[in-house]
Structure formats: structure tokens, C-alpha cells
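Structural features, examined
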Amino acid sequence: MEAFDAVDLIRTKRDKGALSTDEINWLIDAYTRGYVADEQMSAMTMAIFLNGMDRREIKDLTMAMIASGDTMDFSSLSKKTTDKHSTGGVGDKITLPLAPLVASFGVAVPQLSGRGLGHTGGTLDKLESIPGWRANVSPARMREILEQVGAVVCAAGSGLAPADGKLYALRDITGTVEAIPLIASSIMSKKIAEGTAALVLDVKFGSGAFLKNIEHSRELAQVMVQLGQDAGVATSALITNMHVPLGLAIGNANEVRESVEVLAGGGPADIRELTLALATEMLALAGFPDADVAAALDDGRAMDTWRAMVTAQGGDPSAELPVARETHVVAAERSGVLVQQQALPFGIAAWRLGAGRARAEDPVQHAAGVDLHAKPGDTVTKGQPLFTLSADEPERFARALEALDGAYLIGDPGDTIDDGGPLIAEKITQ
Ligand code: URA
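Residues numbered from 1 in each chain as written. Predicted model: local features only at pLDDT ≥ 70, side-chain atom pairs only at ≥ 80, totals over all residues. Heavy atoms only, no water.

Remarks on the environment of L278
By the element assignment, L278 lies in helix α12 (residues 269-285). A relative accessible area of 0% means that L278 is categorised as buried. Counting along the chain gives 258 residues from L278 to S20, while the straight-line C-alpha distance between them is 36 Å. Setting aside chain neighbours within four positions, we find L278 in contact with K84, I94, L98, V200, D202 and L238. (Helix = DSSP H or I, 4+ residues; strand = E, 2+ residues; numbered from the N terminus. Buried < 20%, exposed > 50% of the residue type's maximum accessible area, 1.4 Å probe, protein only. Contact = heavy atoms within 4.5 Å.)

So, in C-alpha cells, the structure goes:
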């Protein structure tokens, strides 16, 4: 005999009521077991999308999703654990320099990551462009790498929060992804189940982000920080600008190349700035408030950890990265100042070139992507290359160029630069 009836719960939420803790626990368990049908859960997610959930309901939903599967426990490691989660953006390769940088301070970074879907890339796809590198690591080996090297970036097994996996796939096809209670519980159930003691959230806003306006991103950040803290995870968030692509590389192999430049003390200023800000925050939450993170990038300590981290997962950090068979350069049509470069169309272009996937089972082309040669605010001269498209199949260029139609603008000196403001807009601590 089931404790509740799904239809009653759907009606409650449809009529703007709140679900009780017992009702939420039953709903998630019954959906995971297959007793509650996809069409019932679709109606429920739409009711949540339209009518929201209060903080207590969101917490119950998160806890119920954690309880649907396994949890990891790193409390017996000799190091403190700290992790980062980004809500995703165009050119967001920050995990690559960040994880080894933080680990170089003797802290463990157990990063369970995903593959990309749509216009935002996945960290595992980027790392898989390194010859030999493998995303699948057993829990025992993960612990070993954390002790020896400090950072591991690997595929999350299906055992962590399986209710989320099922629910996320359903939301994806029912237009219910962008609901704050559902996003917050989805992200935080996986991060809490992962067993990290500290967590920094990079919550993005702007054209290339999941949530376009800063008010929604702030609300999401506040809900997630509260969820983490309630679960005993030291959690804070940075609200960051995803109006223009991060860095100059959008793709996979090219993003690894750019990350290595940052690890060598160089690289684009925005990637370095965000890496340092997130590292400072992650280390502060792990009990190292005075860590000089810039020094560790500049003196090679972070690079040494990167090389050890890649090697530990079978990769060759000295190997040549794949290069695309074909390139197409787009040049400036006039001289002036680049005043606009919208993140979303550039993300879509990289995806259409083969850097991303349309279906979860599709492969990605590691050498495909976009390399920018100028950023908003830069002076450009007529005929100067603005960006280069790379693909293995030249027939992909036309569709990528279509996505980029109207996505960038050259203006005159003194025109307003449409870059969405500072890269790091706010910090949320509660
Ligand atoms: N990422 C997740 O893991 N879940 C969401 O709901 C949105 C982004």
C-alpha cells in the first residue's frame, strides 16, 4: 500500500500549496522506483516551475534526492576537501587550472564532473582531448589520487542521486529546466552526495548563462548556499558575468591549451582573475584564508600538480593536442573598437562545429571550436582576424557562421562596451 497518491500531490502544487516532508520523500522514492509515472512527474515539475517551492520544500527535495542513491565520504582522508561547481558558460574551462592550483596547497579537490550538452561544454569532454586521459576512476583509485596528487576530475557514477538523473532528463524534454527549486536541488543533491566538506559555487548570469538575469542568479545562489550550509558543507557563491565568452578559446582541445597557459602564469586576464578568485574562496573555506594563490600559478607549483593529475588518470601532459583539419578565419570588416561579443551565439557556433553534442550519446570532436583574437574593448583594424573557426568537416562552417550573424559589433572609440559589467559581480555567503 502506497503512502500517498501522486494525483493528490500534483493537485496540491497546482493549487499553490506546499508539499510536506513525508510527501516529498515519498514522491522522489516512488518516482525513482518507477511507481510514479513520467507523465505525473512532468505535471509536478511544471507545477513547481509555475508555483515555486518554499525553502523547506527545496531542502526536503534535495535531501530526498540524496537519499535516492549512494553518498561518498572523504572524511578519513588526511587532507581537507573542497570543490567548485559552475552553473556553466561559454569558454568556461576554469576547473582545469583551478583544481590543480587549489590542490597544490595540500587540499583535496574531488571533482565529479559531467559531459556537455547543448552550448555549454563539459569538463570531461575538454580533458578527454588529452591523449590517454580517462574519466572513469574507481572510488578506491579516486581516494589514492586525492592523497597522492590532491585533485581528481572524473565522471560521476550513476549511483549518486539517481533521482536527479531521471528528473533532469525529464525536465530537459518538458521545458522545466529553468526552475530555481529544481536547479538548486539538482546541483546540490549531487554535490552534497559527493561528500566534499567545502563548496564554492560559480553562479553565472548573462547571455551565455542558464539564467540570463542577475536577480535570478542571486536567488539561485542564495538557495544553494543555504542548502549546502544546512547539510554541513561550508558553502559560498560568486555571481559571475557570462555576457561574453570566458577567455579566448571555446571548444575542447583549445580550452586545454588555454588552461595550460594560465597554469604557466600567463593566459587571458579574465581566466586568471576568475581562477584566482575561486581558488582563494575554496581555500578560505578549507581553512587556508591567507593562501597566496597567484604565487602558486606564477612559480610552477600549480603546473606541477596539473601534470601529476593528468598523469594519474592515464594522460600524457606533454602530448600534442589534436588539431582540426580545417579552419575558417573571420576578419574585421572595418576599423574601430570591438564593442560586443555575445557569449551564447559563440557557444552555439562551437557546438555546431562539433565541439558539443545534441544528444547525450553523441561523440564530440575534440579539435573543433572557436578561437577569439579580440575581446570587447579591443581596438581592431580592417582585415585583422577577429576569430578562427576550426572543424574536421568544412561543411560545418556555414551553420556556425549563421549562429554568429549579429553576435559581434565593431563600433567607434568612445562607444559603450556591451560586456555586462565586472566579471565578478557579487559574493554570497548566506
Ligand atoms: N545542472 C544540473 O546539474 N542540474 C540542473 O538542474 C541544472 C544544471
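Having put the structure on the table, let's press on.
Thoughts on the sheet that holds strand β5 (residues 234-241)
Here 4 strands make up an open sheet; going across it, the order is β1-β4-β5-β13 and the pairing mixed. The open sheet is flanked by β1 (82-86) and β13 (424-428), the only strands paired with a single partner. Across the sheet, the mean angle from the axis of one strand to that of its neighbour is 20°, orientation sign disregarded. Across 8 bridges, the pairing between strand β4 (residues 198-205) and β5 is parallel. Its bridge partner being in β5, L201 is matched across the sheet by A237. Together, β4, β5 and β13 form the strand contacts of helix α10 (residues 214-230), whose direction differs from that of β5 by roughly 165°. (Pairing = 2+ DSSP bridges. Axes fitted to C-alpha atoms, helices over the stretch in contact; angles between N-to-C directions.)

Regarding the site of the ligand
Near the ligand the following residues occur: Y168, R171, I183, S186, I187, K190 and F210. Contact distances for the ligand include 2.8 Å between an oxygen atom and a side-chain N or O atom of R171. Residue K190 places a side-chain N or O atom 2.4 Å away from an oxygen atom belonging to the ligand. Against a free-state accessible area of 230 Å², the protein chains account for coverage of 89% of the ligand. Counting residues per element, the ones that place at least two in the shell around the ligand are α8 (162-172) and α9 (180-194). No other element matches the 4 residues that α9 contributes to the shell around the ligand. Broken down by class, the residue content of the shell around the ligand amounts to 4 nonpolar, 1 polar and 2 charged. (Near = heavy atom within 4 Å. Polar contact = N/O pair within 3.5 Å; in protein donor to acceptor, adjacent residues only side chain to side chain. Areas by Shrake-Rupley, 256 points an atom, 1.4 Å probe, with all protein chains shown as cover. Nonpolar A, V, L, I, M, F, W, Y, C, P; charged D, E, K, R; others polar.)

It is worth stressing that arrangement in space is one thing and function is another; only the former is reported here.
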